Amino acid sequence: MTTFALMVLGAPLSTQSAHTALAFAQAAVSAGHRIMRVFFYHDGVYCANALAIPPTGETSIAARWSELAQAQQIDLVVCVASAVKRGLLDSDEAKRHQKGTGNIQPGFELSGLGQWVEACLLADRVVTFGA
Amino acid sequence: MIKKSFLIVCRRAPYGESYAREALDVALACAAFDQPVAMLFLGDGVLQLSAAQHGAAIGQKSHATQLSALPLYDIETLYVDAQALQARQLDSTDLVLPVQVLAAAEISALFATHDIVLGF
Amino acid sequence: MLHIVNRSPFSHSSLAECLSVCNSQASILLIEDGVYAALSDGEWLARIREKTARVYVLDADVAARGLNAKIATDIARVDYTGFVQLCCEHPGTHSWY
């Protein structure tokens, strides 16, 4: 059993990054491995956008990640600095900046790069899904 | 505490994309966790170190100035691809920080000798 | 090390830069638009083979792009489970994008 830490750098739709990473994560858990954390960085933070409406016939990537994370106890961490710069705010950040109620999909958590460093230290394997 | 050696590989030029800044933020985060960090500049990444840049001309902070803070965080091992420098008409005297200029075989060895290799 | 390349070599320098640092012990996995490097009799496949014999393509990305008959037949095709397995078998991975 191998423990993985995954980094996702691409925005959904603009790149395949998040979709490849999701398929990888699904395959890994089906094979009995563990995904301890997925860290969304650069434009990957857009994967956590609860307001994104997918094209007709497609499911929201945010919802699909959230569902997998809940079923498999995976931490979905969104880099707070990258997110806030791109207008992705949780309720605390939205309140702090007086920008409504926030738009982060439930199941994702905003946090710092320290969470990624920690994941690299604890996981057996680190895989980046580039944009 | 667990320690792993990190190699941050920078392949993108500054300003045109945000990867240069994001690579630096990851390097600093690793250093803040007291992990040994080295940085490798390949391809257009070597342009990040150019001393001649002036980000203010496009309303941005100068990336070279931000990189020059690396030694304050004990990140002093910087590698640069010799061929990339030459192709972009730079040499080590044009750069803001002291670097080790490496040939391809030496760069290849770096990938094997670091525990975690992250690319931006 | 497992080198993962997701960009077409016809439009990005990712594969070229990967090859410049690969040695004969390296494995290369082509995914997403990177699968175009595996076109049979192509210049890029020849350049990959000069470096390493360990080349893989992700089958879903080959199929999505209609390349099933165009990828060299001796390139190993893996599914996502195979992708995971390659990561387990190699001491580390590096993504070139």
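Predicted model, so just to flag it, every value in this text is computed and none were measured. (Residues numbered from 1 in each chain as written. Chains lettered and ligands numbered in written order. Predicted model: local features only at pLDDT ≥ 70, side-chain atom pairs only at ≥ 80, totals over all residues.)

Re the pairing of strand E1 (residues 3–8) of chain A
Residues and elements named next belong to chain A.
Thinking step 1. Most of E1 sits inside the fold, with five of its six residues counted as buried.
Thinking step 2. The sheet contact formed by E1 and strand E2 (residues 34–40) spans six bridges and is parallel. Within E2, the residue paired with leucine 6 across the bridge is valine 38.
Thinking step 3. The sheet contact formed by E1 and strand E5 (residues 125–129) spans five bridges and is parallel. What sits directly across from phenylalanine 4, in E5, is arginine 125. (Buried ≥ 20, exposed ≤ 12 C-beta atoms within 10 Å, placed from the backbone. Helix = DSSP H or I, 4+ residues; strand = E, 2+ residues; numbered from the N terminus. Pairing = 2+ DSSP bridges.)

Thoughts on the interface of chain A and chain C
Thinking step 1. Facing 15 residues of chain A, the contacting portion of chain C comprises 12 residues.
Thinking step 2. Elements with a minimum of two residues in the side of chain A that touches chain C: helix H1 (17–30) and E5 of chain A.
Thinking step 3. Ranked by residues supplied to the side of chain A that touches chain C, first place goes to H1(A) with five residues.
Thinking step 4. Its residues placed into classes, the side of chain A that touches chain C shows eight nonpolar, six polar and one charged. (Contact = placed C-beta atoms within 7 Å. Nonpolar A, V, L, I, M, F, W, Y, C, P; charged D, E, K, R; others polar.)

Some thoughts on the nonpolar core
Thinking step 1. One finds A:Leu6, A:Phe40, A:Val78, B:Ile8 and C:Leu30 to be the most contacted residues of the largest nonpolar core, which totals 117 residues.
Thinking step 2. Examining the composition of this core, we find that eight residues originate from one element, helix H1 (residues 19–32) of chain B, more than from any other.
Thinking step 3. Those residues in contact with B:Ile8 that lie beyond four places of it in its chain are B:Ala23, B:Val26, B:Ala27, B:Val37, B:Met39 and B:Leu118. (Core = buried A, V, L, I, M, F, W, Y, C linked by C-beta atoms within 7 Å.)

Points about the interface of chain B and chain C
Thinking step 1. Taken together, the contacts link 10 residues of chain B with 11 residues of chain C.
Thinking step 2. Elements with a contribution of two residues or more to the side of chain B that touches chain C: helix H4 (104–113) and strand E5 (116–119) of chain B.
Thinking step 3. For the side of chain B that touches chain C, the element with the most residues is H4(B), which contributes five residues.
Thinking step 4. A per-class count over the side of chain B that touches chain C returns six nonpolar, three polar and one charged.

Re the sheet that holds strand E2 (residues 27–30) of chain C
Residue and element names in this part refer to chain C.
Thinking step 1. Strand order in this open sheet of five strands is E4-E3-E2-E1-E5, and the pairing throughout is parallel. With one partner strand each, in any of the chains shown, strand E4 (76–78) and strand E5 (93–96) form the two edges of the open sheet. For this sheet, the mean angle separating the axes of adjacent strands, direction not counted, is 25 degrees.
Thinking step 2. Relative to E5, strand E1 (residues 2–5) runs parallel, the two being bridged by four bridges. The residue of E5 that forms the bridge with isoleucine 4 is serine 95. (Axes fitted to C-alpha atoms, helices over the stretch in contact; angles between N-to-C directions.)

What is shown is where atoms sit, not what they do.
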